[in-house]
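Summary of structural features
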Amino acid sequence: MFTTKALQEEIIRLKKENDICILAHAYQSQDIWEVADYVGDSYGLSLEAAKAGQTSVLMCGVRFMAETVKILSPDKKVLLSHPQAGCPMAEQMDVETVNQLKESYPGYTVAAYINTTAELKTACDVCVTSSSAVKIIRGLENKDILFIPDCNLGAWTASQVPEKNIKLVEGGCPVHAGIQPETVESMRRLYPEAELLVHPECLPQVASQADYVGSTTGIMDYAKNSGARAFLIGTENSIVQHLQFACPDKQFYALSKDCTCNNMRLTTLMDVYHCVKGDGGEEVRLPADVMEKARRCIDAMLQMERG
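Parameters at a glance
Residues numbered from 1 in each chain as written. Predicted model: local features only at pLDDT ≥ 70, side-chain atom pairs only at ≥ 80, totals over all residues. Heavy atoms only, no water. Buried < 20%, exposed > 50% of the residue type's maximum accessible area, 1.4 Å probe, protein only. Helix = DSSP H or I, 4+ residues; strand = E, 2+ residues; numbered from the N terminus. Contact = heavy atoms within 4.5 Å. Phe/Tyr/Trp six-rings, centres within 6.5 Å; stacked < 30°, edge-to-face > 60°. Pairing = 2+ DSSP bridges. Axes fitted to C-alpha atoms, helices over the stretch in contact; angles between N-to-C directions. Salt bridge = Lys/Arg side-chain N within 4 Å of Asp/Glu carboxyl O. Core = buried A, V, L, I, M, F, W, Y, C linked by side-chain atoms within 4.5 Å.

1. Considering helix α12 (residues 216-225)
Within the span of α12, buried status applies to Thr216, Gly218, Ile219, Met220 and Ala223. The secondary structure elements touched by the buried residues of α12 are α2 (30-33), β9 (195-198), β10 (212-213), β11 (230-234), α13 (238-246) and β12 (251-254).

Spelled out as C-alpha cells, the structure:
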C-alpha cells in the first residue's frame, strides 16, 4: 500500500530510471504536478518536450495534447496517461467538415485552435493558442479568416481584432461554455472584492464582465502578480487549488462549481505510476503524412510568433 508521498517518490525514481519526461497540463491535480518535469498549457508543454533530453515523454492530459507532442517530437516515444482522455471540442469537427467549409468560404485562411486533432490540423493553414490567437490573427495577411472550432475564443479574438473579417463555426469547450452570465452576477454578489479572471473559451457574455481574459497560464500569472487579494477563477476548477498552493496569502474561488473537465480528471497519480513503470497508458502513434501536414499548420504559428 502506497501513501501519496511514497508513490510520488517511486514515480520520480522510475521516470529517471526509464528516461521519461513527464508533462502535466495545468488542469491535472496537484499531486501529479509535483512529479512532473514541466507544467503548463498544452502547446507550451509540447515545446518543452521537444527540447527535453529524455527519449520518452508522458503527457498527463488529453489525446490532442499527446498528438501535438508527437508531431513536434516524432522520434520520441510519446505516452498518453489515460487512453480514454479525449477532448469534446477537439472531436467536434473532422477533415470532411473543414473541406466543406473551405468550399463555402473560398479564399479564407483557416485558423485552427491548437485544441484540435492532428488529422484536423492537416486541413488548416495556421494554428493558434488561447494566448497567441490575437497576435496570430492580427498578423495574417488575409483579412478573411475562418476560425475553428471554438466560437467563443473566436468571438473574443474578433473583438480584439475588429479589422479582420472572422467567420465562426458553432463549437467549443462544453465545460467553459457552461458558465452562465447569471453565475457571474451571483458570485460577484458573494465576493464583491474579488477580481474576475476568465478563459476566452467562456461565453462572450461572461468574458465581457471579466477583469482579465486569458489562457490558463495567463490567468495564473495575473493572479500571482496582482495586488488584489481575492479572485474568482473562470476556468477549470483545478486552477483554484493550484493558485491556493502558489499564493497562500490570497483567496481564490471557483466561478462555477461545475467547471470541471471529466477527461482531465481521468488521470490519477496511480495511472502515472503505471505509465512510468511500463504497464500503463497508451503510446501515441500517428501516420507520417499526418504528422508532416499537421506540422505545417503548427510551424506557420511558430514563424508568426517569432516574427
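2. Focus on the packing of aromatic side chains
Each aromatic ring pair is specified by the distance between its two centres and by the angle formed by the two planes. Overall, the coordinates contain five aromatic pairs when judged by the stated rule. When the ring of tyrosine 191 is compared with that of tyrosine 253, the centres are 3.7 Å apart and the planes differ by 15 degrees; the resulting orientation is stacked. Note that tyrosine 191 is positioned in the loop between α10 (181-190) and β9 and tyrosine 253 in strand β12, a separation of 62 residues in sequence. Its relative accessible area of 24% is what places tyrosine 191 among the partly exposed residues. Taken together, a centroid distance of 5.3 Å and an interplanar angle of 15 degrees make the contact between phenylalanine 231 and phenylalanine 252 stacked.

3. Some remarks on the sheet that holds strand β4 (residues 77-80)
Taken in spatial order, the five strands line up as β2-β1-β3-β4-β13 in an open sheet, and their pairing is mixed. Looking at which strands have only one partner, the edges of the open sheet turn out to be β2 (38-40) and β13 (282-283). Looking at chain direction, β4 and β13 are connected through two bridges and run antiparallel. Looking at the pairing, leucine 80 lines up with glutamate 282 of β13. The sheet strands contacting helix α4 (residues 63-72) are β1 (20-25), β3 (56-60), β4 and β13, and the helix crosses β4 at an angle near 175 degrees.

4. Details of the pattern of salt bridges
Inspection of every chain in the model, using the stated rule, returns 13 salt bridges. Aspartate 211 serves as the salt-bridge partner of arginine 188, at 2.8 Å between the closest nitrogen and oxygen. Of the two residues, arginine 188 sits in helix α10 while aspartate 211 sits in the loop between α11 (204-207) and β10, which places them 23 residues apart along the sequence. You can call arginine 188 partly exposed: its relative accessible area is 26%. For aspartate 211, a relative accessible area of 41% translates into the label partly exposed. Taking the shortest distance from any N to any O, the salt bridge between arginine 229 and aspartate 249 comes out at 2.8 Å.

5. What about the nonpolar core?
Core analysis: the largest hydrophobic core is formed by 111 residues, its most contacted members being Ile11, Ile22, Leu58, Ile148 and Ile233. With seven residues, helix α16 (residues 288-306) is the largest single contributor of residues to this core. In contact with isoleucine 11, other than residues within four places in its own chain, are Ile22, Val35, Leu269, Val272, Tyr273 and Val276.

6. A short note on the environment of valine 62
With respect to the helices and strands, valine 62 occurs in the loop between β3 and α4. Overall, the relative accessible area of 3% leaves valine 62 in the buried class. Valine 62 has contacts with Leu80, Ala85, Gly86, Cys87, Asn263 and Met264, leaving out every residue within four places of it along the chain.

7. Some remarks on the sheet that holds β10
Across the sheet, which stays open at both edges, the four strands sit in the order β10-β9-β11-β12 with parallel pairing between neighbours. A strand with exactly one partner marks an edge of an open sheet, and here the two such strands are β10 and β12. Bridge count between β9 and β10: two bridges; the pairing is parallel. Within the sheet, the bridge partner assigned to valine 198 lies in β10 and is valine 213. Sheet strands in contact with α12 are β9, β10, β11 and β12, and its direction is about 160 degrees off that of β9. Packed on one face of the sheet, α13 meets β11 and β12 and runs near 175 degrees to β12.

8. Structural notes on the environment of alanine 177
Within the secondary structure, alanine 177 is located in helix α9 (residues 174-177). Relative accessible area serves as the criterion here: at 24%, alanine 177 is assigned to the partly exposed category. Those residues within four positions of alanine 177 in sequence are excluded, and the remaining contacts are Asn152, Glu201 and Leu203.

Remember that the coordinates give geometry; whether it matters functionally is a separate question.
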